[in-house]
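Descriptive structure summary
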Amino acid sequence: MRYDDPDNDYSRQKRGQQVLLSALTKVNKSKNIIQMNSLLDTAKDNVRTDLPLDDLMTLYKNYHGALSNTQSDHLQGKNATIDNFSFQIAPNREMQRLSDNTRQALGLTKVKVNNIQTKMNDIQTNWNGYNNVNYVLPNDAQVYIPVNKV
């Protein structure tokens, strides 16, 4: 349902998070580390993620106690086209909102988000992510698309 979903990848990611959280919650209730290892062994051939599953085990060991007190949020991007490739770009206001929420949850003072992404957003003259999705990279920069090795 990747392309027919009205929220595009956001809903797909949310469904994936629900599956993982459900599995972790089930394992956490049983307090059985062996069950966690079994779950990871089963999932490793059927799950693609940037996070190695061994790291997931480490995260579980270190943070399983926090599963009963979690909050979730996401960074809502806007549509952009760069060099004929489609992207989601995080608007400055959205990055600031998420930063403020995260820092508040951690008991940290809010700070203004100021990074390469906010600077690139600031130089856009027409892009708005809705009816103008042309996003211009500075100084003749080009998009790097890695070649998949088979």
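Attention here is on the structure that accompanies the text. This one's a predicted model, so the numbers in the text were calculated from it and none came from an experiment.

Criteria and cut-off values
Residues numbered from 1 in each chain as written. Predicted model: local features only at pLDDT ≥ 70, side-chain atom pairs only at ≥ 80, totals over all residues. Heavy atoms only, no water. Helix = DSSP H or I, 4+ residues; strand = E, 2+ residues; numbered from the N terminus. Buried < 20%, exposed > 50% of the residue type's maximum accessible area, 1.4 Å probe, protein only. Contact = heavy atoms within 4.5 Å. Areas by Shrake-Rupley, 256 points an atom, 1.4 Å probe, with all protein chains shown as cover. Polar contact = N/O pair within 3.5 Å; in protein donor to acceptor, adjacent residues only side chain to side chain. Pairing = 2+ DSSP bridges. Expected span 1.5 Å × (residues − 1). Salt bridge = Lys/Arg side-chain N within 4 Å of Asp/Glu carboxyl O. Core = buried A, V, L, I, M, F, W, Y, C linked by side-chain atoms within 4.5 Å.

1. Description of the overall build of the chain
Each helix and strand in the chain was counted, giving five helices and two strands. The order of helices and strands in the chain, counted from the N terminus, is α-α-α-β-β-α-α. The buried share of the chain, reckoned over its 150 residues, is 21%. Taking contacts inside the chain between residues at least 6 apart in sequence as the whole, the part at least 24 apart equals 41%. Just so you have it, the chain exposes about 12100 Å², and 50% of that area is on carbon and sulfur atoms.

2. Observations regarding the side chain of T118
Examined against the element boundaries, T118 turns out to sit in helix α5 (residues 116–122). For T118, a relative accessible area of 5% corresponds to the buried category.

3. Here we look at the side chain of Q96
With respect to the secondary-structure elements, Q96 resides in helix α4 (residues 92–105). Among the polar contacts made by the side chain of Q96, one reaches the main-chain amide nitrogen of V113 at a distance of 2.8 Å. Every residue in contact with Q96, bar those within four places of it in the chain, is listed here: V111, K112 and V113.

4. A short note on unusual backbone geometry
Negative phi values dominate among residues other than glycine, just as trans dominates among peptide bonds. Of note in the backbone geometry, N84 takes a positive phi value of approximately 70° without being a glycine. Along the chain, N84 turns up in the loop between β1 (78–82) and β2 (85–89). Residue N84 is classed as exposed on the basis of its relative accessible area, which comes to 76%. With a phi angle near 55°, D140 is a residue other than glycine that sits in the positive phi range. With respect to the helices and strands, the residue D140 is situated in the segment after α5. For D140, a relative accessible area of 76% translates into the label exposed.

5. A word on the pairing of β1
Pairing of β1 with β2 involves five bridges; the strand directions are antiparallel. Residue T81 lies in a different strand from β2, and its bridge partner there is S86. Linking two consecutive strands that pair antiparallel, namely β1 and β2, is a turn of two residues; a positive phi of about 50° is found at D83 within it.

6. A word on α4
A rise of 1.5 Å per residue sets the reference length of α4, with its 14 residues, at 20 Å; its end C-alpha atoms lie 20 Å apart and thus fit the reference within 8%. For α4, the complete set of buried residues consists of E94, M95, Q96, S99 and D100. Those residues of α4 that are buried are in contact with α5. Within two residues after α4, G107 carries a phi angle of roughly 75°, on the positive side.

7. With respect to the pattern of salt bridges
Enumeration according to the criterion identifies two salt bridges in this entry. Between R97 and D73 there is a salt bridge whose closest N-O contact spans 2.8 Å. Taken as a pair, R97 in helix α4 and D73 in the loop between α3 (53–63) and β1 lie far apart in primary sequence, 24 residues in all. Note on R97: relative accessible area 30%, which makes it partly exposed.

8. Here's the deal with the nonpolar core
Of all hydrophobic cores here, the largest spans seven residues; its members are A80, I82, I89, M120, W127, Y135 and L137. Setting aside anything within four residues of it in sequence, one finds I89 in contact with G77, K78, A80, I82, Q117, N121, W127 and Y135.

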